[in-house]
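One-letter residues, chain by chain:
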Amino acid sequence: MTLLVEVPPPAPAPAAEVPPARRSAGRRLVGAAAPYLYLAPALALLVVWTYRPLLQAVQLSTLSWNLLPTSPATPVGAANFREVLTAPELGDAVGVTALFIVGLLPFTIVLPVVIALSARRVRGRARTLYQALVFAPMLVAPVASAAIWQWLLDPGSGAVNRVLGLQVNWLADPTAAQVAIIVVTGWHVLGFATLIVSAGLGGTDDEYAAAASVDGARPRQITWRITLPLLSPTLVFLTLMTILLSAQWSFPLVDTLTQGGPGDATTSIYYLLWEYGFRSFDAGHGAAAGLVFFVVFLAVAWVLVTLSDRLSFHDD
Amino acid sequence: MTDRLRAVRGHLVLAAVGLACVFPIYWMYATSLRRPGDVFATSLLPWPLSLGSYREAARELDVVGLLANTAVVAVGVAVGQLLVALLAAYAFAAYRFRGEKLLYLAMIGTWLIPFQVTMLPNYVLLYQAGLLNTLAGVILPQLLSGVAVLLLRSHMRSIPGELLEAARMDGRGSWGTLWTVVVPVLRPALAALAILLFVTAWNEYFWPAMVLQRSGAVIQLGIRGFLGTEGVRWGPLMAASGLACLPVFALYLVLQRQVVSAFVRSGLR
């Protein structure tokens with residue numbers, strides 16, 4: 001189950017495995033071990049930095065321990081999980097996460113489609129230039145973008161309030177802070193989503209639209225009845241990414257701009273997890289929360305991938 | 001509506017969105033280039049130009065040192081990820097072996113595991129190994145990139161079999177084939193992937209933030225230190241942020257097409 005845009009290879013090449021024609025037993029042994037030798041560095045890293053900690057998190061999740069080597073860890077069974085699942089802040093965090101997802105959809109679906117459709121009418125260097133402009137925000141380091149936006153959103157002298165003639169204290173008012181986080185995150189991911197949609201458009205067949213045009217369909221009808229349905233796999237994919245990754249995308253900005261506040265207005269699930277891990281200094285609690293998140297994340301990903309096959313329109 | 005009119009409308013939409021997207025970046029550099037007294041000015045062009053904010057940032061932060069450290073981390077991570085992924089992808093693409101599918105899934109599945117789950121145990125391990133507050137501690141845990149393995153594997157599978165066959169006829173072993181046939185053929189793909197990994201590593205913030213908590217040794221953390229203070233001084237902050245973005249933008253200007261295609265292919269980030 002990969003959620004990645006994998007570019008299909010042009011032609012599957014036959015495996016390059018070397019047939020052991022006339023080789024000594026020793027060389028054959030090396031031959032059989034070869035793939036594992038090539039894999040060894042990756043596997044070592046995988047075990048040490050991913051799966052060992054995953055198992056350790058399972059173990060930690062049943063303990064109460066404040067991370068200090070000198071203090072004892074007490075086993076508490078499933079208490080950590082119960083606490084995590086019944087914590088009042090969990091519901092709020094789910095709500096904030098849902099709000100981020102809904103708020104980001106215009107940036108990952110609507111605007112990219114508008115941009116990509118407009119870009120079809122524009123050719124040559126101008127098009128490359130526009131693409132470069134839209135894509136640039138993705139390359140800005142999260143911390144730098146936090147700095148930029150804190151400056152732009154500054155209540156007194158920030159460009160946003162001055163240009164719009166407003167007096168909003170963007171990062172101190174709950175609703176305004178939520179809007180700010182959504183817009184800044186949207187600014188970051190817009191270029192990426194636009195590229196995906198453009199690639200999707202490039203892959204659809206122009207013949208349908210041409211045929212409809214000959215039959216007297218108007219451009220608007222062609223867009224709504226033909227182009228968008230043909231694009232649906234791409235749109236479903238982007239929706240899926242938005243649902244799964246919104247909290248992740250906004251996380252660095254939340255951490256640097258609002259620290260989850262004001263109050264809990266911008267504390268998404270992902271940020272809550274981070275707080276459990278490092279602010280509360282209860283390793284067991286943090287591990288339990290992380291595992292719950294992981295399992296739910298897996299389940300959601302699984303459901304979405306299964307659903308996406310049914311939701312998209314195929315042209316065969 | 002004629003085609004011509006539609007093209008004009010297309011230009012208008014794209015120009016508007018494009019300008020809105022780069023304005024914040026432009027404003028950062030504009031602010032950083034104003035004279036320290038003019039930081040609050042709203043003129044679109046920062047005139048007269050001044051490097052005062054950069055000088056102030058340099059007084060406060062060891063900008064050159066921080067950039068050098070960040071470069072070491074980013075290059076180390078990107079080169080390491082590329083090498084590890086190259087070898088792993090070669091195993092997956094060129095051999096059929098026991099456990100292949102399981103190992104592949106285990107590797108690709110890494111990005112589904114939220115980093116909050118693994119960060120605590122990894123932090124403890126770095127502590128025990130004495131690697132906290134070292135650049136090696138930042139680089140080591142990031143050396144495996146599932147995306148890189150996935151991409152390189154699919155590229156390797158598209159290499160014509162005759163090429164590999166010819167290498168075998170020449171009596172080359174699998175190791176020789178990898179370096180004399182596969183790597184040269186994949187050079188464009190490797191370059192694009194290297195750029196992607198470098199940019200991602202350069203912009204990475206959380207792992208360095210945790211490992212280097214007390215030393216603030218990469219540029220991202222230097223900027224964060226600026227942000228936290230009361231009464232932010234915007235000039236030097238924008239100067240430091242602008243410098244932090246500069247290498248990536250420079251790379252982007254030179255290699256725009258490769259950067260874009262690398263990001264699209266990876267589908268992530």
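Predicted model only: the values in this text are computed from it and were never measured.

S.K.: Kindly report on the confidence of the model for chain B, identifying the contributing residues and their values.
M.R.: All names here are of chain B. Summary statistics for chain B give a mean pLDDT of 85 and a share of 93% for residues scoring 70 or more. Per-element confidence in chain B ranges from a low mean pLDDT of 65 for helix α14 (residues 256–266) to a high of 92 for helix α3 (residues 63–94). Interface predicted TM-score (ipTM) for the complex: 0.84; the corresponding pTM is 0.82.

S.K.: Which residues make up a positive patch on the surface, and what values go with them?
M.R.: A contiguous patch of positive charge on the surface is contributed by Arg120(A), Arg121(A), Arg123(A), Arg127(A), Arg220(A) and Arg9(B). Examined against the element boundaries, Arg123(A) turns out to sit in the loop between α3 (88–119) and α4 (124–135). Residue Arg123(A) is classed as exposed on the basis of its relative accessible area, which comes to 59%.

S.K.: Explain the pattern of salt bridges to me, using residue names and the numbers behind them.
M.R.: Side-chain pairing between opposite charges can occur once the charged atoms of the two side chains come close. Within this structure, the stated rule accounts for five salt bridges over all chains. Taken together, the shared-partner salt bridges in this structure form one network comprising Glu56(B), Glu60(B) and Arg233(B).

S.K.: Just give me the short version of the side chain of Asn203(B), but keep the residues and values in it.
M.R.: In this structure, Asn203(B) sits in helix α10 (residues 187–203). Residue Asn203(B) is classed as buried on the basis of its relative accessible area, which comes to 10%. Dropping the residues within four chain positions of it, Asn203(B) is found in contact with Met138(A), Leu139(A), Val140(A), Ala141(A), Pro142(A), Gln220(B) and Val248(B).

S.K.: Could you give me a rundown of the interface of chain B and chain A, with the residues and numbers involved?
M.R.: Chain B puts 101 residues into the contact, and the matching count from chain A is 101 residues. Both faces considered, chain B and chain A share a buried interface measuring about 9100 Å² in area, 77% of it formed by carbon and sulfur atoms. Here chain B is connected to chain A by zero salt bridges. For the interface between chain B and chain A, the tally reads 12 residue pairs in polar contact (both at pLDDT 80 or more). It is helix α1 (residues 3–33) of chain B that provides the largest number of residues to the side of chain B that touches chain A, a total of 18 residues.

S.K.: How would you explain the side chain of Ser157(A) if you had to name every residue and give the values?
M.R.: Here Ser157(A) is to be found in the loop between α5 (142–152) and α6 (159–164). By relative accessible area, Ser157(A) is classed as buried at 13%. In terms of polar contacts, Ser157(A) uses its side chain to reach the side chain of Asp154(A), at 3.1 Å. Among residues more than four places away in sequence, those in contact with Ser157(A) are Trp151(A), Arg162(A) and Phe40(B).

Thresholds, definitions, all that
- Residues numbered from 1 in each chain as written.
- Chains lettered and ligands numbered in written order.
- Predicted model: local features only at pLDDT ≥ 70, side-chain atom pairs only at ≥ 80, totals over all residues.
- Heavy atoms only, no water.
- pLDDT = per-residue confidence, 0-100.
- Helix = DSSP H or I, 4+ residues; strand = E, 2+ residues; numbered from the N terminus.
- Patch = residues over 30% accessible without salt bridge, like charges linked within 9 Å, V, L, I, M, F, W, Y side chains within 5 Å.
- Areas by Shrake-Rupley, 256 points an atom, 1.4 Å probe, with all protein chains shown as cover.
- Salt bridge = Lys/Arg side-chain N within 4 Å of Asp/Glu carboxyl O.
- Lys, Arg positive; Asp, Glu negative; His and termini not counted.
- Charge placed at Lys NZ, Arg CZ, Asp CG, Glu CD.
- Buried < 20%, exposed > 50% of the residue type's maximum accessible area, 1.4 Å probe, protein only.
- Contact = heavy atoms within 4.5 Å.
- Buried area = accessible area lost by both parts, 1.4 Å probe.
- Polar contact = N/O pair within 3.5 Å; in protein donor to acceptor, adjacent residues only side chain to side chain.

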